[in-house]
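What the coordinates show
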Amino acid sequence: MKIIILGAGQVGGTLAANLASEHNDITIVDRDADRLQQLQDKLDIGTVTGLASHPDVLRRAGADDADMLIAVTSSDEVNMIACQVAYSMFRTPTKISRIRSRAYLLNDKLFCDESVPIDVIISPEQLVTRYITRLLEYPGSLQVLDFADGKVQLVAVKAYYGGPMVGVELQELRKHMPKVDTRVAAIFRRGEAILPKADTVVEAGDEVFFIAAKDHIMPVMSEMRRLDESYKRIMIAGGGNIGERLAREIERRYSVKVIEQNYGRCRALSEILSRAVVLHGEASDHEMLTAENIDNVDVFCALTNDDEANIMSSLLAKRMGAKKVITLITNPAYVDLVQGIEIDIALSPQQITIGSLLAHVRRGDITNVHSLRRGAAEALEVIAHGDSRSSKVVGRRLDEIDLPEGVTIGALTRGDQVMIAHSHIVVEPEDHLILFLVDKHKIKEVERLFQVGFTFF
């Protein structure tokens, strides 16, 4: 595909790296010539320096025959105007835009061909908020991902000493839970992927990805590790877009405190939020954390736009007794450095956002893409089309499908029915298959496997 990316920031750069590695024709546009040069030195991409919404800049980037435009600059307005220009002047088939402001997102009728012609809206703040909310719903989880409109979930947990499954073969899982169907999709041990087999033994410290129907997630988690108690008290450091959204989302279910250093923003938050307590101060202020009983906090969420401030306040909160810390980190180099030491979960907003973008870029009928393990692995939801003559998947038992190495089928859904993958299940047309790729470079082989009725999304 010929794709133009507008904006060379963290999301634009990460997206360019993902797509360029899959042999797409990528051109990235930004006003920062130095940043573009850095990307060009590392990636096989084209670059254009200029304002992303200007018609002449888009023409230089190849908008005349581009398949897709992805606008992820830091300005909602530039992104919207760029999509309008791409539609009016170049008839670009697919236009994806990042929109951050809630004021725009509240109006359903704003984004259509007659108004602002954007085909797909990506809101990083909304995606990160949903991601954190899921982690709070399942205490002890490292990652919770939805498939098939929430009917199926893929959950990552860390196996701890004393858990019922540690030191036991995976085939024993069924004996422990005869009424619950689940499948371990992958295990990461000391950073290396292990494709699970019936005789694979779970070790303490393993990161275990399992898939199950939504109602079965908690029973399976209890087998993998000692279940954490439900969270009650949440402290949020940072009252920006993400902090505000999260507080709005959870304040009726948890006791929530928000720490914000800007007094004017504190005043605004106190009017927006109905139950959460808003505190004016620094999240790394030892005295303030002591006064607010940090040792009684179940989860401390550091969500400011400053990585260093998030890391330091999280380390301090953990040392002072917070049971769990979730830290927003935009610099990917920091994520692997800090997660699992004293920071329980390090979130990369660009990786969360990339998954949503990739679902619209992949070839074939792929409805969901989730980036895992800082982008090294992926989970996909693919719709099977065709029949037994035209498809390599439809009409075949799961054990007859020639999957690429490192790819496993975790589950499939048929209408409202959820079926965990077992060898005897036969794939029918329009089934949704959920696949796990421990190596995302196998994506092209997966696309070819499902290539009946190929369309560009």
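Heads up: the structure comes first, above all this text.
Conventions we followed
- Residues numbered from 1 in each chain as written.
- Predicted model: local features only at pLDDT ≥ 70, side-chain atom pairs only at ≥ 80, totals over all residues.
- Heavy atoms only, no water.
- Phe/Tyr/Trp six-rings, centres within 6.5 Å; stacked < 30°, edge-to-face > 60°.
- Helix = DSSP H or I, 4+ residues; strand = E, 2+ residues; numbered from the N terminus.
- Buried < 20%, exposed > 50% of the residue type's maximum accessible area, 1.4 Å probe, protein only.
- Lys NZ or Arg CZ within 6 Å of the ring centre and 35° of its normal.
- Core = buried A, V, L, I, M, F, W, Y, C linked by side-chain atoms within 4.5 Å.
- Expected span 1.5 Å × (residues − 1).
- Salt bridge = Lys/Arg side-chain N within 4 Å of Asp/Glu carboxyl O.
- Axes fitted to C-alpha atoms, helices over the stretch in contact; angles between N-to-C directions.
- Parallel < 35°, antiparallel > 145°, perpendicular 65-115°, else oblique.
- Contact = heavy atoms within 4.5 Å.
- Nonpolar A, V, L, I, M, F, W, Y, C, P; charged D, E, K, R; others polar.
- Pairing = 2+ DSSP bridges.
- Right-handed = clockwise from strand over helix to strand, strands pointing away.
- 1 Å grid on protein atoms, 1.4 Å probe; cavity = no way out; pocket = protein on both sides within 12 Å on 5 of 7 lines; lining within 4 Å.
- Points joined across faces, edges and corners; volume = space filled by probe spheres on them.
- Left-handed = near helix turned anticlockwise from the far one by under 90°.

Moving on to the packing of aromatic side chains. We describe a pair of aromatic rings using the distance from one ring centre to the other and the angle between the two ring planes. In total, this model carries two aromatic pairs according to the counting rule given. Between the aromatic rings of F188 and F209, the centroid separation amounts to 5.7 Å while the plane-to-plane angle is 75°, which identifies the pairing as edge-to-face. Here F188, found in strand 9 (residues 182-189), pairs with F209, found in strand 11 (residues 207-213); they are 21 residues apart in sequence, far enough to count as distant. Just as F188 is buried, F209 falls in that class too. By the ring-pair criterion, three or more aromatic residues cluster together here, those being F188, F209 and F436. Taking the ring centre of Y87 as reference, the NZ or CZ of R91 above it sits at 4.6 Å.

Most of helix 9 (residues 241-250) is tucked away: seven of the 10 residues are buried. Among the residues of helix 9, those classed as buried are I242, G243, E244, R245, L246, A247 and I250.

To continue, consider the nonpolar core. Core analysis: the biggest nonpolar cluster contains 115 residues, and I70 and L154 have the highest contact counts within it. Within the second largest apolar cluster, 23 residues are counted, among which are L6, A86, V116 and I118.

As a further point, take helix 14 (residues 349-361). In this model, helix 14 (13 residues) spans 19 Å end to end at C-alpha, consistent with the 18 Å of a helix rising 1.5 Å per residue. Among the 13 residues that make up helix 14, 11 are buried, leaving the element largely enclosed by the rest of the structure. Among the residues of helix 14, those classed as buried are P349, Q350, Q351, I352, T353, I354, G355, L357, L358, A359 and V361.

Tallying each qualifying case throughout the model produces 23 salt bridges. We note a salt bridge from R134 to D146, for which the minimum N-O separation is 2.5 Å. In this pair, R134 sits in helix 6 (residues 124-137) while D146 sits in strand 7 (residues 141-147), placing the two residues 12 residues apart along the sequence. Take R134 and D146: they sit in the same class, and that class is buried. Of the charged contacts, one joins R265 and E244 as a salt bridge, the two residues approaching to 2.7 Å between their closest N and O atoms. Here the residue R265 occupies a position in helix 10 (residues 263-272), and E244 occupies one in helix 9, the gap between them amounting to 21 residues. Ionic contacts of the salt-bridge type, sharing partners, join the residues R134, E137, D146, E249 and R253 into one network.

On to the packing of helix 6 against helix 14. Where helix 6 meets helix 14, the closest approach of the two axes is 9 Å, and the angle between their N-to-C directions is 105°. In terms of orientation, helix 6 and helix 14 fall into the roughly perpendicular class. Of the residues in helix 14, those in contact with P124, L127, V128 and Y131 of helix 6 are P349, I352, T353 and S356. Classifying every residue of the contact of helix 6 with helix 14 gives six nonpolar, two polar and no charged.

With five of five residues buried, strand 5 (residues 94-98) is to be regarded as a mostly interior element. Pairing between strand 4 (residues 68-71) and strand 5: four bridges, direction parallel. Following the sheet pairing, L69 is matched in strand 5 by K95. This β-α-β element, strand 4 to helix 4 (residues 76-90) to strand 5, shows right-handed connectivity. Sheet topology places strand 5 next to strand 6 (residues 120-122); three bridges connect them, and they run parallel. The residue of strand 6 that forms the bridge with R98 is I122.

Looking now at the layout of surface pockets. A probe as big as a water molecule, rolled over the atoms, marks out the empty space that is left. Approximately 1100 Å³ is the volume found for the largest pocket. Surrounding the largest pocket, 50 residues form its lining, R100, E125, T304, N305 and T330 being those nearest its centre. Classifying every residue of the lining of the largest pocket gives 18 nonpolar, 23 polar and nine charged. Space inside the second largest pocket adds up to approximately 810 Å³. Around the second largest pocket, the lining comprises 40 residues; the ones closest to its centre are Y131, L145, I352, S356 and H370.

To continue, consider the pairing of strand 21 (residues 417-420). Two elements, strand 20 (residues 407-414) and strand 21, share four bridges in a ladder whose sense is antiparallel. Bridge pairing in strand 21 places A411 opposite I420. Counted between consecutive antiparallel strands, the loop separating strand 20 from strand 21 contains two residues, among which G415 sits at a positive phi close to 65°.

Glancing now at the packing of helix 9 against helix 10. At a closest axis distance of 11 Å, the pairing of helix 9 and helix 10 adopts a crossing angle of 25°. Of the possible angle classes, the one that applies to helix 9 and helix 10 is roughly parallel. Seen from above, helix 9 lies across helix 10 with right-handed handedness. On the side of helix 9, the interface is formed by N241, E244 and R248, while helix 10 contributes R265, L269 and I272. Of the residues in the contact of helix 9 with helix 10, the class split is two nonpolar, one polar and three charged.

Keep in mind these values describe shape, not function.
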